Amino acid sequence: MTFESLGISPALLKALADQNYTQPYPIQREAIPAILNKKDVLGIAQTGSGKTVAYVLPLLMNLQNIALSQNRYVNILVLVPTRELAMQVSEVFYKLGKDLPRRIKTMAVYGGVSINPQMMRMNGVNVLIATPGRLLELTESNAVHLSGIDTLVLDEADKMLNIGFQEEMNRIIALLPKKRQNLLFSATLNEDITAINQILLHNPLVIKIEPEKDYFDLIDQLGYFVSEERKGPLLRYIIKSQDLQQVLVFASSVYKADAIADKLRKNGIKATAIHSKKSQGARTEALSKFKSGDLRVLVATDLISRGIDIKFLPHVINYELPRSPKDYIHRIGRTGRAESPGQAISLISPEEQHHFRIIQKKMGKPITMINSEGINLKGF
Ligand code: AMP
């Protein structure tokens, strides 16, 4: 199957060719025709499956045929949980839409940066990608109106419908027109699908792309039994002795992420922490330096475990385990893309052993464990 046979227009075919996207991925094959037909869609697929392009392409096509919004009324609203994901999604809209006959104005808005420039640039925006809190601030000051929305997209939908965003989401949904297209995409979905159907979706096409059977086989998973005090030295030992050059380390708290990054720097390893307490400027810079290979280690909280697409990331290390098996899947899913296998290492303290067994059970796969007692960590 080709993009052409899905009805994609010549200008967009050219944009796809520029990106070297030769064939549609499975989620794209199923979602694109349905979205073009204005159907609601619930898409469940891993990050890396191409779900962003699956909705960006047909939405850009639809925008070529409808009355474009004027002034501060936007056509398409994409809600995302993090600022980083907002930027990533807006880049995809921009890259694919830049040569369309009809110019589409896309903008990403998120908190942590000054609101005034966002207010000023809002005029004539067709596609708005937003985190919920900042969107509400903008609607309250009449910088944007949501009553003309044609399509609502929830990326990382299970997170957006999670209790943490519930109040904000209810307020946003109350501002939308009743008649609209709804598209929900998520790598994992814990809520009962019928419950979500009732809240948001009307007779949707449900697409479930099972991760390829051997998806997790692309990721070499490994665990080290280690005491809490030896975790820092063991982390540095692993990075130095294996000469790892691009490593994403996950920590359980902001405080821990800062402490780990500090220690790495003191030991001559270029590292930065990324978490919710950092300024947006620092977050953006850290992520882009890490993506470009300028930064050897990025120490993150679960803030960036979802949705963030880092091409060919070879190593993920769980300094501490996440609370849920689902988050473990999100975290290790940052590595191991087709044709570029990755490695996911977890440092397991005695207190975490029971929890790790539960994760392995959920994954349906035992993970090779190494006892680190025999490793000489002197000097690390
Ligand atoms: P996503 O699941 O949206 O995070 O996308 C994962 C990655 O797949 C991104 O880096 C996209 O650039 C890439 N991608 C999406 N669709 C295609 C395609 N049809 N062919 C090749 N790469 C693609």
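The preceding data block contains the structure.
An account of the accompanying structure is given in this report. (Residues numbered from 1 in each chain as written. Predicted model: local features only at pLDDT ≥ 70, side-chain atom pairs only at ≥ 80, totals over all residues. Heavy atoms only, no water.)

### Let's talk about the overall build of the protein
Move 1: A tally of helices and strands in the protein yields 14 helices and 14 strands.
Move 2: Counting only C-alpha atoms, the protein reaches 70 × 45 × 40 Å along its principal axes.
Move 3: The proportion of buried residues among the 380 residues of the protein is 54%.
Move 4: Contacts spanning at least 24 positions in sequence make up 75% of the contacts within the protein whose residues lie at least 6 apart.
Move 5: Distance between charge centres in the protein, computed from 48 positive and 37 negative side chains, equals 3 Å. (Helix = DSSP H or I, 4+ residues; strand = E, 2+ residues; numbered from the N terminus. Buried < 20%, exposed > 50% of the residue type's maximum accessible area, 1.4 Å probe, protein only. Contact = heavy atoms within 4.5 Å. Lys, Arg positive; Asp, Glu negative; His and termini not counted. Charge placed at Lys NZ, Arg CZ, Asp CG, Glu CD.)

### As for the nonpolar core
Move 1: One finds Tyr 55, Phe 93 and Leu 96 to be the most contacted residues of the largest nonpolar core, which totals 59 residues.
Move 2: For this core, the element with the most residues is helix α3 (residues 51-63), which contributes 9 residues.
Move 3: In contact with Leu 96, not counting residues within four places along its chain, are Leu 12, Ala 15, Leu 16, Gln 19, Val 53, Val 56, Leu 57 and Leu 60.
Move 4: Core analysis: the next-biggest nonpolar cluster, separate from the first, contains 31 residues, Val 74, Ala 130, Ala 143 and Leu 161 among them. (Core = buried A, V, L, I, M, F, W, Y, C linked by side-chain atoms within 4.5 Å.)

### Focus on the pairing of strand β8 (residues 219-225)
Move 1: Along β8, 5 of the 7 residues are buried, which leaves the element largely enclosed by surrounding structure.
Move 2: For β8 and strand β13 (residues 342-348), the ladder comprises 7 bridges, and the chain directions are parallel. Along β13, the bridge assignment pairs Gly 223 with Ser 346.
Move 3: Here β8 pairs with strand β14 (residues 368-371) via 4 bridges, running parallel. Paired with Leu 222 across the two strands is Thr 368, which belongs to β14. (Pairing = 2+ DSSP bridges.)

### Describing the packing of helix α6 (residues 132-140) against helix α8 (residues 166-174)
Move 1: Between α6 and α8, the shortest axis-to-axis distance is 10 Å and the interhelical angle comes to 40°. When the axes of α6 and α8 are compared, the pair comes out oblique. The way α6 lies across α8 gives a crossing that is left-handed. Of the residues in α8, those in contact with Pro 132, Gly 133, Leu 135, Leu 136 and Glu 140 of α6 are Glu 168, Arg 171 and Ile 172.
Move 2: Taken together, the residues of the contact of α6 with α8 break down into 4 nonpolar, 1 polar and 3 charged. (Axes fitted to C-alpha atoms, helices over the stretch in contact; angles between N-to-C directions. Parallel < 35°, antiparallel > 145°, perpendicular 65-115°, else oblique. Left-handed = near helix turned anticlockwise from the far one by under 90°. Nonpolar A, V, L, I, M, F, W, Y, C, P; charged D, E, K, R; others polar.)

### Remarks on the pattern of salt bridges
Move 1: In total, this model carries 17 salt bridges according to the counting rule given.
Move 2: Close ionic contact of Arg 283 with Glu 84 constitutes a salt bridge, the shortest N to O distance being 2.8 Å. Here the residue Arg 283 occupies a position in helix α12 (residues 280-292), and Glu 84 occupies one in helix α4 (residues 83-97), the gap between them amounting to 199 residues.
Move 3: For Arg 283, a relative accessible area of 3% translates into the label buried. (Salt bridge = Lys/Arg side-chain N within 4 Å of Asp/Glu carboxyl O.)

### A closer look at the side chain of Thr 301
Move 1: Among the structural elements, Thr 301 can be located in the loop between β11 (297-300) and β12 (315-318).
Move 2: Residue classification places Thr 301 among the buried residues on the basis of a relative accessible area of 11%.
Move 3: Those residues in contact with Thr 301 that sit more than four places away from it in its chain are Phe 250, Ala 251, Ser 253, Val 254, Ala 257, Ile 274 and His 275.

### Remarks on the packing of aromatic side chains
Move 1: As enumerated under the stated definition, the model contains 3 aromatic pairs in all.
Move 2: Considering the side-chain rings of Tyr 55 and Phe 185, the 5.3 Å spacing of their centres and the 35° angle between planes classify their relative orientation as tilted. Of this pair, Tyr 55 sits in helix α3 while Phe 185 is found in strand β6 (residues 181-186), placing the two residues 130 residues apart along the sequence. For the pair Tyr 55 and Phe 185, one class covers both residues: buried.
Move 3: Between Tyr 237 and Phe 380, the ring centres sit 5.3 Å apart and the planes meet at 85°, which makes this aromatic pair edge-to-face. Taken together, the positions of Tyr 237 in helix α10 (residues 231-241) and Phe 380 in the segment after β14 put the pair 143 residues apart, joining distant regions of the chain.
Move 4: Relative accessible area serves as the criterion here: at 28%, Phe 380 is assigned to the partly exposed category. (Phe/Tyr/Trp six-rings, centres within 6.5 Å; stacked < 30°, edge-to-face > 60°.)

### Focus: the site of the ligand
Move 1: For the ligand, the set of nearby residues contains 14 residues, the closest of which are Tyr 21, Gln 28, Gly 48, Thr 52 and Asp 309.
Move 2: With respect to the ligand, the backbone of Gly 50 contributes an N or O atom lying 2.8 Å from an oxygen atom.
Move 3: Here an oxygen atom of the ligand and a backbone polar atom of Lys 51 are 3.3 Å apart.
Move 4: Compared with its free state, where it exposes 510 Å², the ligand has 87% of that area covered by protein.
Move 5: The element contributing the most residues to the shell around the ligand is α3, with 3 residues. (Near = heavy atom within 4 Å. Polar contact = N/O pair within 3.5 Å; in protein donor to acceptor, adjacent residues only side chain to side chain. Areas by Shrake-Rupley, 256 points an atom, 1.4 Å probe, with all protein chains shown as cover.)

### A short note on the packing of α3 against α4
Move 1: Taken N-terminus to C-terminus, the directions of α3 and α4 make an angle of 45°; their axes are 10 Å apart at the nearest point. Relative to α4, the element α3 lies oblique. The two elements α3 and α4 meet at a crossing, and its hand is right-handed. Contacts between α3 and α4 involve Thr 52, Val 53, Tyr 55, Val 56, Leu 57, Leu 59 and Leu 60 from the former and Val 89, Val 92, Phe 93, Leu 96 and Gly 97 from the latter.

### Structural notes on the sheet that holds β8
Move 1: Read across the sheet, 7 strands follow the order β10-β11-β9-β12-β13-β8-β14 without closing on themselves; strand pairing throughout is parallel. Because the sheet does not close on itself, it has two edges, and the strands there are β10 (271-274) and β14. Adjacent strand axes in the sheet meet at a mean angle of 20° when their direction is disregarded.
Move 2: Pairing between β10 and β11: 4 bridges, direction parallel. Note on β11: the bridge partner recorded for Ile 274 is Ala 300.
Move 3: Of the strands in this sheet, β10 and β11 are in contact with helix α11 (residues 254-266), which crosses β10 at around 170°.
Move 4: The strands touched by helix α13 (residues 325-332) within the sheet are β8, β9 (247-250), β12 and β13, with β12 carrying the most contacts at an inclination of about 150°.

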